[in-house]
Amino acid sequence: MPAYTLTVNGEPRRFEAAADTPLLWVLRDILNLTGTKYGCGAGLCRACTIHLDGEASFSCQIPISAAEGRRVTTIEGLSPDRSHPLQQAWIEEDVPQCGYCQPGQIMSAAALLERTPSPSDDQIDAFMKSNLCRCGTYNRIRSAIRRAAQSKAATRASANEEAENHG
Amino acid sequence: MAEQSGAPSKDEVSRRSFLQISGGLGIGLVVSFFVPRSALAEIEALAAAATAGVGSGGEINAYVRIAPDGSVVLSFPKSEMGQGVLTSLAMLVAEELEVDWSKVRSEHAIANEARYGKWSTGGSSSVRANYDAFRRAGAAARELLIAAAAEQWHVAPGTCRAEKGVVIHEGSGRRLAYAALAERAAKLPAPSEPSEPKLKPRESFRVIGTDVRRLDTPAKVDGSAIFGLDVRVPGMLFAQVVRPPDLGGAVASFDARAALAVEGVRAVVEIPHGVAVVGTSFWAASSGRKQLSIVWKPGPHGALDNEAIRKLCLAAVERGATARNDGDVARAIAGAGAARKIEAVYEFPFLAHATLEPMNCTASVLADRCELWAPTQSPTSATDAAAKITGLPPEKIRVNTTLLGGGFGRRSATDFVEDAVHLSKHMKLPVQVVYTREDDMKAGLYRPVGANVLRGAVDAEGWPIAWEHRIASQSILREKGWPFKDGIDFAAVEGVRNLPYAIPNLFVSWADVEIPVSTHWWRSVGSSQNGWVTECFFDELCALGHKDPVEARTRLLAKHPRHQRVLALAAEKAGWGKPLAKGRALGVALHECFGSIVAQTAEVSLEADGQPRVHRVVCVVDCGEVVHPAGVRHQMESGITMGLSAALWGEVAIEKGRITTGNFDGYPIARIDQMPRVETFVIAEGDPMGGIGEPGTPPIAAAIGNALLKLTGKPIRRLPIGRVTRSA
């Protein structure tokens, strides 16, 4: 089997895998990072969402041969201690029910906020509509994304203020 | 070879799961004692039997542990599938135990029939059936801790009290933390009198009735929560099972050579459900499967498809057994003029549970014991299935219940457990069997299909006076081998036989239809279709009699004040009768099941593509008593979402004797941009406690259908609605 190198959650990882192995199964079965979930294997539910070079991607649809040398962030690497504003907001809003889709939801939402720091509900819906939740936590997902956006904005504002005070 | 080092977070997770597996948590106080079955436990016995094939015949036990750091670890024999049971049951214990919620942790117990009785999770019963028992569990633990402190201080227990994890001696103000008392308390005899100790009065509650945070949330936002698919056991293999594509088909022969040549494939094995490919990873099994050639024996149902199944149901509908017969329905209908009567055929399809985590199970079968790691609603059924296959006695089967990535009834079945046990037994290694999404969708065990013929009449003033309701549907009970009562499958007629409206001539019959597609309990079971049929037909009668649906319901619910109150609040909050945006209509529906009464309104428009769009839902639930209000709201919202998906798009397709629905493209579930705003209001006025997991599901389909009836003037009598409106 060919050898591959990835940077996963900031750490270089080297391993062997069949070239057509989807990144999802590399993460789960080879690197033992089971936070990224299998839901459909067809790019239809987005439970497998990770960041590939910072972009939200379906890991079930990316063969490892197309990911060689790239930078992967999984739910385990979003923050070391659940301190990411989205993780905090997810806890504040009591979002998860069964919880199975939530790593994918959070990774999609993180990519959304990187691109659109203060999304409207329509922008949230447009970006998040491929992430399925069978338990129906969608209204709380929207609230949590809004809450995280506000909290990031507040952090930015206070950082700016501090910079100005020191400037 | 694959690198296995690093990933500290994962290692931590593995250690934790192995700790649970080994059960080596022996420090601190363990309280385990007998609690008598309450009257409500009878409900659980029935409900459990109705959902998992097992009765809860044994005692209910509680399991409280105080760790040296003062944290309180509670173990429960109920499965967490998203309904929040590990939180709501913990609230019951914590209320009486007098501990800070921040100190409470909650986990699945290891199934143990001698200690916990049979374990099944279903029938919306976990809280209502155990409301007293788990509070007693907390109270008894508290009394032991007080007794331990009193013994240490040489004072009477009656002079001490417990508060926030500390025992306080009233006279001297001395204090001892639970953690410091745990060892001594563990040696004291448990209360022998089952009625002792006394439970707190409702007005003293500090935990029950509050919106505490769910205990399982933190692990669900950082990837550390362990679902069935996340179980990792040293040396384990991964397997997929290729099932016969035809209903009733079988394996004739197979050639495994090409599959075995795939790197990582270890074996190709025939088991009762099909041919399994076993490999060192999911992908190895997938790759081997693609190379596997199997010759199938065709099934005997080559002509079977959804249309043929419709005809079977319609052909059976007039020959049912009588489930209810008030007045003289034939005479009342015959006596009504043509303009005052109506006949309608309502049809509903197979539904898949489509849990987001597909079915899976990990098994390790050894010569003298067997261990399972299973996302199961019923570890008891899993134990029985494993015992049967291995020949081991049940006490040699250890079931570790993982988190469930959705359940909805599907995970009370044991097909996935059987596959894993067969394969581990054959391989003599731990094996995780994984259903692909397509395997999961095609594996059967659906919400049954059926048809209804309804005939109704209104009197000269337009009020309903006759309701003839003939149902034909597949019986889940028959498939499980359970008896009918008076020729009736009780689950198939629930919500119809007990129709609450005062209609003087009311006839209900039910006929079984045998179709070679397996069925199973699906969230809210018979009510999932019957709530739709009854509430839509009610609005058809209202339209016939020119009556307002809320006014007509209120009038015919004179003997059901709780139903009236639920309906009135829903109408008020939804703004019933007030003008809506152009192109929108408001529909209402009311249904009681699992002891709770739910009304929902749906504000609906019909989009340019012919698809209904639901903008806003108001939901009112009367569940008698409430333990976790946020949990109740979330379960209502969840039930609405599942009911909405089913109403608009849910249908499993069968063509030429095969299930052809395979993935979410063919079985759509609601997405965030299709999710209505939902406002839920909870009524809890001390009436008998009802269930919460299922009652939110049935009304929404009818609320949508009734809104569309107003909008278009045409009733929708066949599900899914989306197909009907699209083709109209």
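Small disclaimer: the values here were computed from a predicted structure and weren't measured.

Asks: Help me understand the overall build of chain A, please; the structure alone is not making it clear to me.
Replies: Across its full length, chain A holds 5 helices and 5 strands. Order of helices (α) and strands (β) in chain A, N terminus to C terminus: β-β-α-β-β-β-α-α-α-α. What you see for chain A is a C-alpha radius of gyration of 17 Å, in line with the 15 Å of a compact globule of 167 residues. With 167 residues in all, chain A has 57% of them scored as buried. Restricting to contacts in chain A with at least 6 residues of sequence separation, those with at least 24 account for 60%.

Asks: Whenever I open this one, the sheet that holds strand S21 (residues 505-512) of chain B confuses me. Can you help?
Replies: Working definition: the strands of a sheet are paired by backbone hydrogen bonds and lie parallel or antiparallel to each other. Residues and elements named next belong to chain B. One open sheet accounts for 5 strands, arranged S13-S21-S20-S19-S14; its pairing is mixed. Because the sheet does not close on itself, it has two edges, and the strands there are strand S13 (321-326) and strand S14 (341-348). Recorded for the sheet is a direction-independent mean angle of 10 degrees between the axes of neighbouring strands. The pairing of strand S20 (residues 464-473) with S21 spans 8 bridges and is parallel.

Asks: Honestly, the packing of helix H2 (residues 85-92) of chain A against helix H3 (residues 102-115) of chain A in this entry has me stumped. Any pointers?
Replies: The geometry of a pair of packed helices is captured by two quantities: the angle between their axes and the separation between those axes. Residues and elements named next belong to chain A. With their axes 10 Å apart at the nearest point, H2 and H3 run at an angle of 130 degrees to one another. In this view, H2 runs oblique relative to H3, as classed from their interaxial angle. In this structure, H2 meets H3 at a crossing whose hand is right-handed. Across from Leu86, Gln87 and Trp90 in H2, the residues of H3 making contact are Gln102, Ile106, Ala109 and Ala110. Its residues assigned to classes, the contact of H2 with H3 shows 5 nonpolar, 2 polar and no charged.

Asks: Before we go on, may I ask you to explain the sheet that holds strand S24 (residues 612-622) of chain B in this structure?
Replies: All names here are of chain B. On the basis of which strands lie adjacent, the open sheet formed by 4 strands has the order S22-S23-S24-S27 and mixed pairing. If you trace the sheet from one side to the other, it starts and ends with strand S22 (584-593) and strand S27 (677-683), each paired once. On average, adjacent strands in this sheet sit at an angle of 15 degrees to one another, irrespective of strand direction. As judged from the 10 bridges shared by strand S23 (residues 596-606) and S24, these two strands associate in the antiparallel manner. Its bridge partner being in S24, Ala599 is matched across the sheet by Val620.

Asks: Hey, could you run me through the domain arrangement of chain B in this one?
Replies: Note: interface size is frequently given as the accessible area lost on complex formation between the parts. All names here are of chain B. Domain annotation of chain B identifies domain 1 (24-213), domain 2 (228-299 + 359-434) and domain 3 (306-351 + 446-727). With 17 residues of domain 1 in contact, the opposing surface of domain 2 contributes 19 residues. Of the residues assigned to the side of domain 1 that touches domain 2, the class counts are 6 nonpolar, 8 polar and 3 charged.

Asks: How should the nonpolar core be read in this particular structure?
Replies: Where a protein is soluble and globular, its nonpolar side chains tend to be buried together. Residues and elements named next belong to chain B. Val93, Leu145, Ala239, Leu372, Val417 and Ile704 are the most contacted members of the largest nonpolar core, which has 272 residues in total. Considering every element that reaches this core, the biggest residue donor is helix H5 (residues 131-153), with 12 residues. Residues within four places of Leu145 in sequence aside, it is in contact with Ala162, Val167, Tyr178, Leu181 and Ala185.

Asks: Could you clarify how one ought to interpret helix H4 (residues 121-128) of chain A in this entry?
Replies: Because the α-helix completes a turn every 3.6 residues, residues three or four places apart line up on one side. Residue and element names in this part refer to chain A. Inspection of H4 places Ile124, Phe127 and Met128 among the buried residues, and these make up the whole buried set. The arc that holds every buried residue of H4, seen down its axis, measures 85 degrees, which confines them to one face. In the core, the buried residues of H4 are packed alongside H3 and helix H5 (138-166).

Asks: Is there a simple way to think about the interface of chain B and chain A in this case?
Replies: The partner chain A presents 52 residues to the 57 residues of chain B that form the contact. Put simply, the parts of the chain that give the side of chain B that touches chain A at least two residues each are helix H1 (8-22), helix H7 (217-220), helix H9 (282-291), helix H19 (629-649) and S27 of chain B. Residue contributions to the side of chain B that touches chain A peak at 7 residues, all from H19 of chain B. Here the side of chain B that touches chain A is composed, by residue class, of 24 nonpolar, 16 polar and 17 charged.

Asks: Honestly, the environment of Thr121 of chain B in this entry has me stumped. Any pointers?
Replies: All names here are of chain B. Topologically, Thr121 is positioned in the loop between helix H4 (113-116) and H5. Residue Thr121 is classed as buried on the basis of its 28 C-beta neighbours within 10 Å. Here the alpha-carbon distance between Thr121 and Lys480, two residues 359 residues apart in the chain, equals 17 Å. Setting aside residues up to four positions removed in sequence, Thr121 forms contacts with Lys78, Ser79, Val85, Ser126, Gln377 and Ser378.

Asks: Which parts of the structure should I look at to understand the pairing of strand S2 (residues 11-16) of chain A?
Replies: The side chains of a regular strand alternate between the sheet's two faces. Residue and element names in this part refer to chain A. As judged from the 6 bridges shared by strand S1 (residues 3-8) and S2, these two strands associate in the antiparallel manner. Looking at the pairing, Val8 lines up with Glu11 of S2. The loop that links S1 with its antiparallel partner S2 comprises 2 residues; one of these, Asn9, has a positive phi angle of about 50 degrees.

Asks: How should I be thinking about the pairing of strand S4 (residues 55-58) of chain A in this particular structure?
Replies: Residues and elements named next belong to chain A. Bridge count for strand S3 (residues 49-52) against S4 is 4 bridges, and the pairing is antiparallel. The residue of S4 that forms the bridge with His51 is Ala56. Here S3 folds back onto S4 in antiparallel fashion, the turn holding 2 residues, of which Asp53 has a positive phi close to 50 degrees.

Asks: Before we go on, may I ask you to explain the packing of H2 of chain A against H5 of chain A in this structure?
Replies: Residues and elements named next belong to chain A. Two elements in contact, H2 and H5, have axes whose closest approach is 8 Å; the angle formed by their N-to-C orientations is 130 degrees. In terms of orientation, H2 lies oblique with respect to H5. The way H2 lies across H5 gives a crossing that is right-handed. Taking contact as the criterion, the partners of Pro85, Leu86, Gln88, Ala89, Trp90 and Glu92 in H2 are, on H5, Ala144, Arg147, Ala148, Ser151 and Lys152. Among the residues forming the contact of H2 with H5, the class breakdown is 6 nonpolar, 2 polar and 3 charged.

Asks: Help me out: how do you make sense of helix H1 (residues 23-30) of chain A in this one?
Replies: Within H1 of chain A, 8 of the 8 residues are buried, which leaves it mostly tucked inside the rest of the structure. Among all positions of H1 of chain A, only Leu23, Leu24, Trp25, Val26, Leu27, Arg28, Asp29 and Ile30 of chain A are buried. Each element contacted by the buried residues of H1 of chain A is listed here: S2 of chain A together with H9 of chain B. A positive backbone phi angle near 60 degrees is found at Asn32 of chain A, which sits one or two residues after H1 of chain A.

Asks: I would appreciate a short explanation of the domain arrangement of chain A in the present structure.
Replies: All names here are of chain A. Each assigned domain of chain A is listed here: domain 1 (3-77) and domain 2 (85-166). When each unit is reduced to the centre of its C-alpha atoms, the spacing between domain 1 and domain 2 is 22 Å. At the junction of the two partners, domain 1 supplies 14 residues and domain 2 supplies 12 residues. Among the secondary structure elements, those contributing two or more residues to the side of domain 1 that touches domain 2 are S3 and S4. Take the side of domain 1 that touches domain 2: its biggest share by element is 3 residues, from S3. Among the residues forming the side of domain 1 that touches domain 2, the class breakdown is 6 nonpolar, 5 polar and 3 charged.

Asks: When you look at unusual backbone geometry in this model, what are you seeing that I'm missing?
Replies: Apart from glycine, the bulk of residues carry a negative phi angle, and the bulk of peptide bonds sit in the trans form. Residue and element names in this part refer to chain B. Omega for the bond connecting Leu719 with Pro720 falls within 30 degrees of zero, at 0 degrees, which places this linkage in the cis form. Tracing the chain through its elements places Pro720 in the loop between helix H20 (699-712) and helix H21 (721-727). Within the chain, Asp486 stands out as a residue other than glycine whose phi angle is a positive 50 degrees. Within the secondary structure layout, Asp486 lies in the loop between helix H15 (476-480) and S21. The class for Asp486 is exposed, based on 8 C-beta atoms found within 10 Å.

Asks: In this structure, what is going on with the confidence of the model for chain B? I would like to understand it.
Replies: Segments scoring low in pLDDT should not have their predicted coordinates read at a detailed level. Residues and elements named next belong to chain B. Per-chain confidence: chain B averages 90 in pLDDT, with 90% of residues scoring 70 or above. Contacts from residues 1-62, a stretch scored under 50 in pLDDT, to residues over four places away or in other chains number 138 contacts. For this predicted complex, the interface score ipTM comes out at 0.97, alongside a pTM of 0.92.

Asks: I keep staring at the environment of Gly495 of chain B and nothing clicks. Help me out?
Replies: All names here are of chain B. You can see Gly495 is positioned in the loop between H15 and S21. Taking the number of C-beta atoms within 10 Å as the measure of exposure, Gly495 has 24 and is therefore buried. Residues Gly495 and Asn530, spaced 35 residues apart in sequence, show a C-alpha to C-alpha distance of 6.0 Å. The contacts of Gly495, once residues within four sequence positions are left out, are Gly526, Ser527, Asn530, Gly531, Thr534, His591 and Cys593.

Cut-offs applied
- Residues numbered from 1 in each chain as written.
- Chains lettered and ligands numbered in written order.
- Predicted model: local features only at pLDDT ≥ 70, side-chain atom pairs only at ≥ 80, totals over all residues.
- Helix = DSSP H or I, 4+ residues; strand = E, 2+ residues; numbered from the N terminus.
- Rg over C-alpha atoms; globule rule 2.2 N^0.38 Å.
- Buried ≥ 20, exposed ≤ 12 C-beta atoms within 10 Å, placed from the backbone.
- Contact = placed C-beta atoms within 7 Å.
- Pairing = 2+ DSSP bridges.
- Axes fitted to C-alpha atoms, helices over the stretch in contact; angles between N-to-C directions.
- Parallel < 35°, antiparallel > 145°, perpendicular 65-115°, else oblique.
- Left-handed = near helix turned anticlockwise from the far one by under 90°.
- Nonpolar A, V, L, I, M, F, W, Y, C, P; charged D, E, K, R; others polar.
- Domains from an automatic or database assignment.
- Core = buried A, V, L, I, M, F, W, Y, C linked by C-beta atoms within 7 Å.
- Arc of directions from axis to C-beta.
- pLDDT = per-residue confidence, 0-100.

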